[in-house]
Amino acid sequence: MYILARALKNVGIDVMYGLVGIPVTEMAYIAQAQGIRFISFRHEQQAGMAAATHGFLTKTPGVLLTVSSLGFINGLTATVNATVNCYPMIQISGSSQRETIDLEQGAYEGLDQLNVAKGLVKAAYRVNRPEDIPTAVARAYRAAVSGRPGGVYLDVTTACLGAVMNHDDAEKLLFKPVDPCPAVQPSAESVDRALQLLASARQPAILLGKGAAYAQVDDKIKQLVETTGIPFYPMSMAKGLMPDNHPLSAISARSTIMEKADVVMLIGARLNWLLSRGHGKWNPQGQFIQLDIDPGEFDCNRPIAAPVVGDIESSLDAILAKLPGLKLNMDPAWVKGIQDESKVKNAKFLERLAPQTVPMTHWSALSAVKKVLEANPDTILVNEGANTLDDTRDSVDMFLPRHRIDCATWAIMGMGMGSAIGAAVATGKSVVAVEGDSAFGFSGMDFSTICRFNLPVTVVIFNNGGIYNGIGENLSKDGDPAPTTLDVKARYDKLGDAFGAQTYYVTTPAQLGSALAEAVASKKPCLIDVQLAADSGKESGHIGYLNPAPLIDIV
Ligand code: ADP
Ligand code: MG
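Because the structure is predicted, anything quoted here is derived from the model rather than measured.

Asker: Could you clarify how one ought to interpret the site of ligand 1 in this entry?
Answerer: In the neighbourhood of ligand 1, 18 residues make up the surrounding shell, with R148, K210, R270, D292 and I312 lying closest. Between ligand 1 and the protein, one listed contact pairs an oxygen atom with a side-chain N or O atom of R148 at 2.8 Å. Within the side chain of R270, a nitrogen or oxygen atom sits 2.8 Å from an oxygen atom of ligand 1. Expressed as a share of its isolated accessible area of 570 Å², the protein-covered part of ligand 1 is 96%. Per element, the largest residue contribution to the shell around ligand 1 is 3 residues, and it comes from helix α11 (residues 210-214). Tallied by class, the residues present in the shell around ligand 1 amount to 7 nonpolar, 6 polar and 5 charged.

Structure (structure tokens):
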């Protein structure tokens, strides 16, 4: 365990997220003694969400420590989600005695964890001998951050955790991997092809994804957009990479970009379900340039006319170097059209936020949240829910890169408290988590972790008493609540009181605005129960079309 802590420290890991028990309790103590912060959680899944967010924000792997069997599986959920989202993290789990597991003799917490993890994560290794620990840590680190980042599983057997080695011999084994995330240079040919296509475009657009945010090349993105004058559209976690209110922002003209752009340059964004996989509204004649580290991504939904394989920094460097000689062919009316459309749409959107309706709707509550968050742009916004996710994303403008963390590619629920903790620990910045009441339920107990570590996190719960809303049609013959119904009268603020947080119960937009402003300024754990009307919100938010048809008919 000492060697593992030393090896992690040696590669630069200074925080671990986890939940202890047999056989890793001692491991966490030893890590602390070695100067690694140990953030102890109430549920492994949330510890994993924290590690994943830490990885996204820092470009170094977040580390999750779990116990065997169920603890491992709980944490694996987050490691798999990190892999899907291209966040670098390492889950280290203690695992029970190999011999008894392999012979299926009924071991304590007996599970063949390595084989469960394999296939779900980017890479998975088992370490059996203490002298192999430095190699295992270096491999896990490299696998997590290099190429397309992802989640890595490291299985450490109980025997290995307990093994003893001579101190000096162990120290000699430690090493720091050289260049763990090597640059991947794009070929000159692919860059020229991309630039030619871009130059030919009359109505081009740049589409920024969270891979572009992850790459931390904010100035280069800005240079590309501003030198070319091409409008950009950010995916949700790329919001703020360029300010949402930038003159070239096409955030309010999504349909126009899809329907009319003739060349779209995807930067660290996948043409997946979040973009109708390139079909639906998309211009069938439109052509794509795609900058991505993973060549396997290209052509998966639409043919990519100009694929550029490389890390975003190297690819942008190569593109920017050749920009001065490039003659663009963009129609000036294209940008003007997007700007005019955006003006009209933005004004219309503000009308939606204007009525100070009480009992509050998502919109009247968001009118207050928007003001406070936009006045505090350096606050990281964590966001999950259905309507709470969609409406917050659309309402709150972002101005700084990597300040929005949400349920991302899988659109899962249950990342809120963990991601808020990871964001606060990794950056030291204030965090506001805007949560649907259902979404909060998945991770609510880890609000206590926010309090124990006295983190500057404010949790805002939009309570409409249900999944989607609190008025689900009740078909039960037994008088049971509808499957979507929770409790619109639940007082989540009292849950915050239990852990010593500063809490608020608000019923009007004005109360919400002043509570949130005070909470953010306090830089302390705070919880705001936002009382909404039970009928605020619709089934599945904006993605009801993904339901099987009969379900839509019933509800
Ligand atoms: P979004 O949901 O915002 O569209 P995705 O997660 O779908 O973003 O896409 C991110 C893409 O970025 C992935 O295809 C991934 O391979 C790519 N990516 C991540 N990091 C880098 C990097 N440093 N350089 C190049 N591509 C990257
Ligand atoms: Mg709800």
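Asker: I would appreciate a short explanation of the pattern of salt bridges in the present structure.
Answerer: Two side chains with opposite charge may pair up if their charged atoms get near one another. Under the criterion given, the structure shown has 26 salt bridges. Its salt-bridge partner being D244, residue K239 comes within 2.9 Å of it at the nearest N-O pair. Judged by relative accessible area, which is 5%, D244 ranks as buried. Residues joined in a network through salt bridges with shared partners are R98, D102, D112, R126 and D155.

Asker: Hey, could you run me through the sheet that holds strand β8 (residues 232-234) in this one?
Answerer: Whether parallel or antiparallel, the strands of a sheet pair through hydrogen bonds between backbone atoms. In space, the 5 strands of this open sheet follow the order β8-β7-β9-β10-β11, with parallel pairing throughout. Of all the strands in the sheet, the pair left with one neighbour each is β8 and β11 (306-309). Across the sheet, the mean angle separating the axes of adjacent strands is 15° when strand polarity is ignored. In this sheet, β8 lies alongside strand β7 (residues 204-208) in parallel orientation, the contact comprising 3 bridges. Across the sheet, I206 pairs through a bridge with F232, a residue of β8. The strands touched by helix α10 (residues 188-200) are β7, β9 (263-267), β10 (287-292) and β11; relative to β11, the strand with the most contacts, the crossing angle is about 140°. Here helix α12 (residues 218-228) sits on the sheet in contact with β7, β8 and β9, set at roughly 165° to β7.

Conventions we followed
What you see as residue numbers is a count from 1 along each chain, following the sequence as written. Chain labels run from A onward and ligand labels from 1 onward, assigned in the order the entries are written. Thresholds applied to this predicted model are a pLDDT of at least 70 for local features of residues and 80 or more for the giving and counting of side-chain atom pairs; totals over whole chains, interfaces and linings are not thresholded and use all residues. Here the side-chain values reflect all heavy atoms present in the structure, with hydrogen atoms and water set aside. Think of it this way: one heavy atom of a residue within 4 Å of a molecule or strand is enough to make that residue near it. We define a polar contact as two N or O atoms separated by no more than 3.5 Å, with the added condition that, inside protein, one atom must be a possible hydrogen donor and the other a possible acceptor, whereas residues neighbouring each other in sequence contribute only through side-chain atom pairs. Each accessible area is a Shrake-Rupley result for a 1.4 Å probe, and residues are judged covered by the shown protein chains and nothing else. In this description a helix means any DSSP run of H or I spanning at least four residues, a strand means any run of E spanning at least two, and both kinds are numbered starting from the N terminus. For this scheme, ten residues count as nonpolar: Ala, Val, Leu, Ile, Met, Phe, Trp, Tyr, Cys and Pro. Four count as charged, namely Asp, Glu, Lys and Arg, and the remainder, Gly too, count as polar. Criterion for a salt bridge: a side-chain nitrogen of Lys or Arg within 4 Å of a carboxyl oxygen of Asp or Glu. Partly exposed describes any residue whose relative accessible area lies between the buried limit of under 20% and the exposed limit of over 50%, with all areas from a 1.4 Å probe on protein chains only and scaled to the type maximum. We call two strands paired when DSSP finds no fewer than two bridges between them. Only the stretch in contact is used when fitting a helix axis, every axis being a line fitted to C-alpha atoms; angles between N-to-C directions are given from 0 to 180 degrees. Whether two residues touch is decided by their heavy atoms; if any such pair falls within 4.5 Å, the residues are in contact.

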